[in-house]
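Chain and residue survey
The primary structure of each chain is shown beneath.
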Amino acid sequence: MLHSMAGTTRYASVLKECEAWWEQEGRAITDAVDRAQTPWVRMFDAEGKRVDEILYSPDYWRMLKRGYRAGVLWRAFKDQSLLPSFLLIYLTSFYDCGLTCPYTVSLSTALPLSKYASPAIRERFLPKLLREDDSVWQGATWMTEIKGGSDLGANVETVATPQADLWRLTGDKYFASNAGAEVAVAAARPKGAPGGVRGLALFLIPRWREDGALNYTIRRLKDKIATRSVPTGEIELRDSEAYLLGTADEGIYLILEVLNVSRIANSLGSVALAQRAIADALNFAESRIAFGRPILDHPMLRAQFEERVRDLRAAFALAWHAGLLLNEVWQERRPYSDRYHLFRLLAHLAKYWTAEFAVQTAKWCMEVHGGLGVLAEFRVERWLREAMILAIWEGTAHRQLLDALEVIDRKKAHGTLLQYLGPVSTAEVREMVEAVDAQLKLPPDERERTWEPIGARLAKVTADALLRKMPAS
Ligand SMILES: Cc1cc2nc3c(=O)[nH]c(=O)nc-3n(C[C@H](O)[C@H](O)[C@H](O)COP(=O)(O)OP(=O)(O)OC[C@H]3O[C@@H](n4cnc5c(N)ncnc54)[C@H](O)[C@@H]3O)c2cc1C
C-alpha cells in the first residue's frame, strides 16, 4: 500500500530490503519477543554496582538496531525530511507496532534537541542519536506520572532546580517507554514556577551523569498486554542532571510539539497494523471453506472486506497527510502559523480515527478467523492486543477529540481545513464544517457533551476527502 498510496519514493529500495529482512528473519523474532513477555531488569552487576540493564535476547537488539541502521532517525536529518522516518515507521508497524515506539520516541527526542537545545548540548548529544551503526543512542519521552497522563498541568510533580549550568530533577515517571534510553526528554516544573500547564518545562536527561554514574534508575518494567518490543518502565529521577530545552516559560508548547510527532507515528502505526490484520484475514478467508466455497466468496463477507479496504485507504490518507503537514511545519516556533494549527487538527483527528479503526479492524479480523482467531498460536489475537494500546498511549480518544475541538475553537482550524481540501472537499465535509460552527455556539459543557459524534464524523469525512488527494486515487 505504501507504494500505491504514497507514490514511489527514493526510499523504495531501502523499504524493499527491510521488508525482505522482516519476512526472512524479523517475523520469527518479533513473535518470540511477544511470547517471551516482559523482559527482566538486571539492577546490579556482579560487584553490586547499580546498572539497570534490560535483558532482552540478542535477537531483539538485532531487530531493533536494524531499523536505526536503515535510517529511521539519521535519514530525517541527512535528507532534511521526516518522510523516510514515517515510511520506515509504517513498514515496521506492519510487523511489530511496539517496536515502532523506540524509533518514534527517539525521533521525538532528536527533533526538540536539534531545535531548542543550546549549541553545546546539541553538539554533545544529537550526533549520537544520528549514528548510522549499532552504536546509535536512543531517545525517550517521559511526561506521565502516577496521578495521570491526560491532565499534565495538574499531575506532573517532578521538580527542577537550577544548579550552575544545569538543572537537577527529582520525581517519578510512571509510564516511561524505552526505559534504558541513553537520553530522554521529560516534563518537570521548575521550582517556584506557577501551577498548571504554564509552569511546565521540557528537559533533556542523559542516562549517565557527567561523572559516569547512572543518572536515573528503573524501578520496574510494566507487564503489559502487548507492545512487548518496547520496555515501558517506572523511572526514578533523584537529583538527576538535566538540561533545559528552550525557555522555562514555553515548556508546554515544546511538550505538545513532542507529543504531536508521536501522534503522527501512532497514526501511521495504527493504519499499518490494520493493514496487517486485514491481510491475515484475507489470506484466511481465501482458504477457509464453509457452505461449499471459500468464506471470502460469500457476498456479505466479501462486501465487508471491500468496505474495510476502502476505509483502510482513507485512514492511510488521513495519517499520511497529517505527516506531510508535520514535515512542512515542524521547524516552526511560536507564534505558529495557520498551517501549523491545521496540522494540529489533522494530527488529533488522525490519532483518534486511525486508532479506533485499528481496534475495530483487529476485532473484526479476529471474527473472520472464527474460533481460531482467539488462539495465541495465530497472530490475529496479538494484533487486537497491540491495537488496544495504540488507542491509549500518546493520548486517549477523549483527549484527541477535545484537543481537536480546542484548535477548532481557538484557531478556527476547520476553516483552514476546508481551504486545504480545496477541490477534493465534498458536500459532506462542508456540512460537517457547518455542524462544527453550530457546535461552537453552544455553552462549553453542552458543546463538549455532544461533541463526540460530530468529531468522529469530521474525522471520517476528512479521511474520505483526503483519499481523493492521494496519487493513486
Ligand atoms: C504501554 C504504554 C506506554 C506508555 N508510554 C508512555 C511514555 O513513554 N511516556 C509518557 O509520558 N506516557 C506514556 N504512557 C502514558 C499514556 O500517555 C497515558 O496512559 C495516557 O496519556 C492517558 O493517561 P492515563 O493513563 O493516566 O489516564 P488518565 O489521564 O487518568 O485518564 C483516565 C480516563 O479518563 C479520560 N479523561 C481524562 N480527562 C478527560 C476529559 N477531560 N474528558 C473526558 N475524558 C477524560 C481519559 O481519556 C481516560 O479514558 C504510556 C501508556 C501506555 C499504556
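Note that the coordinates shown come from a computational prediction; the quantities given were computed from them, not determined experimentally.

Scoring rules and cut-offs
- Residues numbered from 1 in each chain as written.
- Predicted model: local features only at pLDDT ≥ 70, side-chain atom pairs only at ≥ 80, totals over all residues.
- Heavy atoms only, no water.
- Helix = DSSP H or I, 4+ residues; strand = E, 2+ residues; numbered from the N terminus.
- Rg over C-alpha atoms; globule rule 2.2 N^0.38 Å.
- Buried < 20%, exposed > 50% of the residue type's maximum accessible area, 1.4 Å probe, protein only.
- Areas by Shrake-Rupley, 256 points an atom, 1.4 Å probe, with all protein chains shown as cover.
- Lys, Arg positive; Asp, Glu negative; His and termini not counted.
- Charge placed at Lys NZ, Arg CZ, Asp CG, Glu CD.
- 1 Å grid on protein atoms, 1.4 Å probe; cavity = no way out; pocket = protein on both sides within 12 Å on 5 of 7 lines; lining within 4 Å.
- Points joined across faces, edges and corners; volume = space filled by probe spheres on them.
- Nonpolar A, V, L, I, M, F, W, Y, C, P; charged D, E, K, R; others polar.
- Phe/Tyr/Trp six-rings, centres within 6.5 Å; stacked < 30°, edge-to-face > 60°.
- Lys NZ or Arg CZ within 6 Å of the ring centre and 35° of its normal.
- Contact = heavy atoms within 4.5 Å.
- Core = buried A, V, L, I, M, F, W, Y, C linked by side-chain atoms within 4.5 Å.
- Near = heavy atom within 4 Å.
- Polar contact = N/O pair within 3.5 Å; in protein donor to acceptor, adjacent residues only side chain to side chain.
- Patch = residues over 30% accessible without salt bridge, like charges linked within 9 Å, V, L, I, M, F, W, Y side chains within 5 Å.
- Salt bridge = Lys/Arg side-chain N within 4 Å of Asp/Glu carboxyl O.
- Expected span 1.5 Å × (residues − 1).
- Axes fitted to C-alpha atoms, helices over the stretch in contact; angles between N-to-C directions.
- Parallel < 35°, antiparallel > 145°, perpendicular 65-115°, else oblique.
- Left-handed = near helix turned anticlockwise from the far one by under 90°.
- Pairing = 2+ DSSP bridges.

Our focus in this paragraph is the overall build of the protein. Helix and strand counts for the protein stand at 17 helices and 11 strands. For 473 residues, the compact-globule estimate of 2.2 N^0.38 gives 23 Å, and the C-alpha radius of gyration of the protein, at 22 Å, lies within 12% of that figure. Overall, the C-alpha framework of the protein stretches about 75 × 55 × 40 Å when taken along its three principal axes. Each of the 473 residues in the protein was classed as buried or not, and the buried ones make up 60%. As presented, the protein carries roughly 19,600 Å² of accessible surface, and 54% of it is formed by carbon and sulfur atoms. Distance from the positive charge centre (61 side chains) to the negative charge centre (60 side chains) of the protein: 1 Å.

The computed volume of the second largest pocket comes to approximately 240 Å³. In terms of lining residues, the second largest pocket is bounded by 16 residues, among which Trp61, Gln138, Gly180, Glu182 and Arg207 are the most central. When contributions to the lining of the second largest pocket are tallied by element, the ones reaching two or more residues are β2 (50-55) and α3 (58-70). Taken together, the residues of the lining of the second largest pocket sort by class into eight nonpolar, three polar and five charged.

Another aspect to go through is the packing of aromatic side chains. This structure, assessed with the given rule, holds 20 aromatic pairs. Geometrically, the ring pair formed by tryptophan 22 and tyrosine 95 is stacked, given 5.2 Å between the ring centres and 5° between the ring planes. Taken as a pair, tryptophan 22 in helix α2 (residues 12-36) and tyrosine 95 in helix α5 (residues 83-95) lie far apart in primary sequence, 73 residues in all. Considered together, tryptophan 22 and tyrosine 95 belong to a single accessibility category, that of buried residues. For the pair tyrosine 68 and tyrosine 103, a centre-to-centre distance of 4.9 Å together with 90° between the ring planes defines the contact as edge-to-face. Linking tyrosine 68 in helix α3 with tyrosine 103 in helix α6 (residues 100-116), this pair joins segments that are 35 residues apart in sequence. Take tyrosine 68 and tyrosine 103: they sit in the same class, and that class is buried. One aromatic cluster is present, built from ring pairs that chain together Trp21, Trp22, Phe94 and Tyr95. Cation over ring: lysine 222 sits above tyrosine 174, and NZ or CZ is 3.3 Å from the ring centre. Residue placement shows arginine 276 over the ring face of phenylalanine 94; its charged tip is 5.2 Å from the ring centre.

The next subject is the side chain of serine 267. Mapped onto the elements of the fold, serine 267 is located in helix α9 (residues 251-287). For serine 267, a relative accessible area of 0% gives the class buried. Residue contacts for serine 267: discarding those within four places in its chain leaves Ala319, Ala350, Lys351 and Thr354.

Judged by nonpolar contacts, the single largest core of 174 residues is most densely connected at Leu169, Leu204, Ile255, Phe305, Phe316 and Val368. With 19 residues, the top contributor of residues to this core is helix α11 (residues 338-368).

Our next topic: the site of the ligand. The full set close to the ligand counts 19 residues, and Thr144, Gly149, Ser150, Thr396 and His398 are the nearest of them. Contacts to the ligand include phenylalanine 175, whose backbone N or O atom sits 3.0 Å from a nitrogen atom. One nitrogen or oxygen atom from the main chain of serine 177 is found 2.7 Å from an oxygen atom belonging to the ligand. For the ligand, the accessible surface in isolation is 960 Å², of which the surrounding protein chains cover 68%. When contributions to the shell around the ligand are tallied by element, the ones reaching two or more residues are β3 (141-142), β5 (166-177) and α13 (397-411). It is β5 that provides the largest number of residues to the shell around the ligand, a total of three residues. Split into classes, the residues belonging to the shell around the ligand amount to eight nonpolar, nine polar and two charged.

It is worth spelling out a nonpolar patch on the surface at this point. On the surface, Val374, Leu375 and Phe378 cluster together into a nonpolar patch covering about 240 Å² of accessible area. Locating phenylalanine 378 in the fold gives a position in the loop between α11 and α12 (380-390).

Here arginine 207 lies in the loop between β7 (201-206) and β8 (216-221). Buried and unpaired, arginine 207 has aspartate 52 as its nearest opposite-charge partner, separated by 5.4 Å. Here aspartate 52 takes part through its backbone oxygen, which lies 2.6 Å from a polar atom of the side chain of arginine 207. If we ignore the near neighbours within four places in the chain, the residues touching arginine 207 are Val51, Asp52, Glu53, Gly180, Ala181, Glu182, Val183, Ala213, Leu214, Asn215 and Tyr216.

With that settled, the discussion passes to α11. Over its 31 residues, α11 extends 44 Å from the first C-alpha to the last, a length consistent with the 45 Å expected when each residue adds 1.5 Å. Of all the 31 residues making up α11, 25 are buried; the element is thus mostly covered by neighbouring parts of the structure.

Assignment of secondary structure puts isoleucine 252 in helix α9. Assessed through its relative accessible area of 10%, isoleucine 252 is described here as buried. Here the alpha-carbon distance between isoleucine 252 and leucine 202, two residues 50 residues apart in the chain, equals 7.6 Å.

Think of two packed helices as two axes; the pair is described by the angle between the axes and how far apart they sit. Where α11 meets α13, the axes come as close as 9 Å, and the angle between the chain directions of the two elements is 155°. Relative to α13, the element α11 is oriented roughly antiparallel. The handedness of the crossing between α11 and α13 comes out as left-handed. The residues of α13 that touch α11, namely those facing His341, Arg344, Leu345, His348, Leu349, Lys351, Tyr352 and Glu356, are Ala397, Gln400, Leu401, Asp403, Ala404, Glu406, Val407, Ile408 and Lys411. Residues of the contact of α11 with α13, tallied by class, amount to eight nonpolar, three polar and six charged.

Where a strand is regular, its side chains alternate between the two sheet faces. The sheet contact formed by strand β1 (residues 40-44) and β2 spans four bridges and is antiparallel. For valine 41, the partnering residue across the bridge sits in β2 and is isoleucine 54. Following β1, the chain reverses through five residues before pairing antiparallel with β2; glycine 48 in that reversal takes a positive phi of roughly 85°.

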